[in-house]
Amino acid sequence: MRGSPPGYVMSAFDFDLFVIGGGSGGVRAARMAAQRGARVALAEMLGPDGLGGTCVNVGCIPKKLYSYAAHYAAAFEESHGYGWEFPALPLPAAQGALPGAVACGSADQRVKPVLDWARLKANRAHEIARLNGVYDNLLRGSGVTVLNGFARIEGPNTVGLATLNADGSPGHQTFTAAHLLIATGGTPHVPHFTGREFVITSDAVFDLEPFPRRLLIVGGGYIACEFASIFNGLGAAVTQLYRGEQVLRGFDDEIRHFAAAEMVKSGIDLRLNADVVCVHQTGEGLRVDLEGGSQVLADAVLYATGRVPNVQGLGLDTVGVALGAKGEVRVDEHYRTNVPSIYAVGDVTGRVQLTPVALGEAMVVVDALFGPAAGKVPRSMGYDFIPTAVFTHPNIGTVGLTEAQARERHGDITVFRSEFKALRHTLSGSSERTLMKLIVDTASDRVVGLHMVGAEAGEIVQGFAVALKAGATKAVFDATIGIHPTAAEEFVTMREPVRR
């Protein structure tokens, strides 16, 4: 076989590996296994149009594109502080432009930017379609058999594929494989309440029509906070409800409070300790009744209250694959289920729900089943020091332990903190501030947590994640020369601890 590792023996099954799910983890596992010489099939119920999974289609990529779009209105306004003025010239009406948007200038002779919502949606859809095609070409170019249909496990080594025939009638195919990999990801969860049918999830928010002038977002996780920032920046009046005491549970407490304050400052109506009782359709829009008796009127209600593993209809009960309390597929350190021939990676396992984590887990499985790439050792997956970004406005970037986690694990810690207005905003007129924080294990001097709220936090923290993964100490940070003038240099110039 092409590229077969030494000692590899072709199995008597139709395939050596059958991957269920065309998201990040599934595509990576299928490609890399095929490149090692294995016979691989990948089934995706949405066909080539769904390749890339949540991240490409309704997650990371379109969300980041909309985040970029949302920054432009603020950038136009901030440019005046740098001498840019736009004469009050009449502008043609934009297709899909926001109702009430001013296109011909205001009293101070400044032209107001107009969002063409229809164009943004179309351009995003075009880019996503391009990426779907890239994934399809990568798979087929690697020798993967790509199947369009809903896969269901019928035995430890058997998969049934529900398809549609050319005449539209249902069809069925059966395949066998030495190993099966479940990579079906997760799906948004909406609790049951009166009026549930009127709300949407993040899967539908990118193509809302018309643009919601009043958007209510329910949830306090990173998805809810990101969409609150995005639609606030695009021009909607955003109300965000969270039933807890502060959004972004699981992040460093100081980062949570600082980011929430910046979001409120930008115009988001953030209501904590609040929850929905019911939703009703009225002539004025959606009326949302809240606990305590208050009401909110909205054009759209987005529920971002968590995601659940996508295991419905997979036939896992048929072969006895063990699931956890939340429906997640239970796996060992090698991502093998209790059925030896069946593996699972990514969000469906309920571990760390991040695209790069799914990619890493997929490579562990491929190396274990088909051997590592030439000259490499089999990979393992560590869950310490996984960098994370939240694309709120401003962004959050974080790697390592929160202050509470570090205190619990190490006891004696030293905390360094810096808060300031970024150089850009000394002229922009914006009141946005930046927060940076280092957490050090006092005994070893190792930096065990690094957190930031500010522009391009994700880009900045990615580089520092390498240092933390390598075990960098505070002394190493102190000895590193900063790049001036940048916000990032603050991480290597903090000298005075704020608390021990």
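Everything that follows concerns the structure shown earlier in this document.
Note that the structure is a prediction, hence the values are computed from the model and not measured.

A. Examining unusual backbone geometry more closely. Between Glu 209 and the following residue, Pro 210, the backbone shows a cis peptide bond with an omega angle of 0°. Each neighbour pair has its own omega, and for His 393 with Pro 394 the value is 5°, a cis peptide bond. Mapped onto the secondary structure, Pro 394 falls in the loop between strand S17 (388–390) and strand S18 (396–400). Notably, Leu 248 is not glycine yet its phi reads approximately 60°, a positive angle. Taking relative accessible area as the criterion, Leu 248 reaches 1% and is therefore assigned buried. Residue Asp 445 is not a glycine yet carries a positive backbone phi of 70°.

B. Broad picture of helix H8 (residues 355–370). Helix length check: H8 (16 residues) gives 22 Å between terminal C-alpha atoms against 22 Å at 1.5 Å per residue, within 8%. Those residues of H8 lying buried are Val 357, Ala 358, Glu 361, Ala 362, Met 363, Val 364, Val 365, Val 366, Asp 367, Leu 369 and Phe 370. Lining the buried residues of H8 we find strand S1 (15–20), helix H1 (24–35), strand S6 (170–182) and strand S16 (342–344). Looking at the residues trailing H8, positive phi occurs at Gly 371, about 85°.

C. Expanded view of the sheet that holds S17. Taken in spatial order, the five strands line up as S17-S18-S21-S20-S19 in an open sheet, and their pairing is antiparallel. The sheet terminates laterally at S17 and strand S19 (413–420), the two strands that pair on one side only. Here the average twist between neighbouring strands, direction ignored, is 15°. Sheet topology places S18 next to strand S21 (residues 446–453); five bridges connect them, and they run antiparallel. Across the sheet, the residue bridging to Gly 400 is Gly 449, located in S21.

Criteria and thresholds
- One numbering rule holds for all chains: residues counted from 1, following each sequence as written.
- Note on the predicted model: pLDDT of at least 70 is required for a residue's local features to be given, and 80 or more for side-chain atom pairs to be given and counted; whole-chain, interface and lining totals, by contrast, use all residues.
- Processing note: side-chain calculations cover all non-hydrogen atoms of the structure and skip hydrogens and water entirely.
- The secondary structure listing takes helices from DSSP runs of H or I that are at least 4 residues long and strands from runs of E that are at least 2 residues long, numbered from the N terminus.
- Type-normalised accessible area, obtained with a 1.4 Å probe on protein chains alone, sets the label of each residue: buried when under 20%, exposed when over 50%, and partly exposed for intermediate values.
- By this rule, a helix spans an expected 1.5 Å times one less than how many residues it contains.
- Contacts: residue pairs with any heavy atoms within 4.5 Å of one another.
- If DSSP finds at least two bridges between two strands, the strands pair.
- A fitted line through C-alpha atoms represents every axis, and for helices the fit uses only the stretch in contact; the resulting angles, taken between N-to-C directions, go from 0 to 180 degrees.

All we've got here are geometric facts, nothing functional implied.
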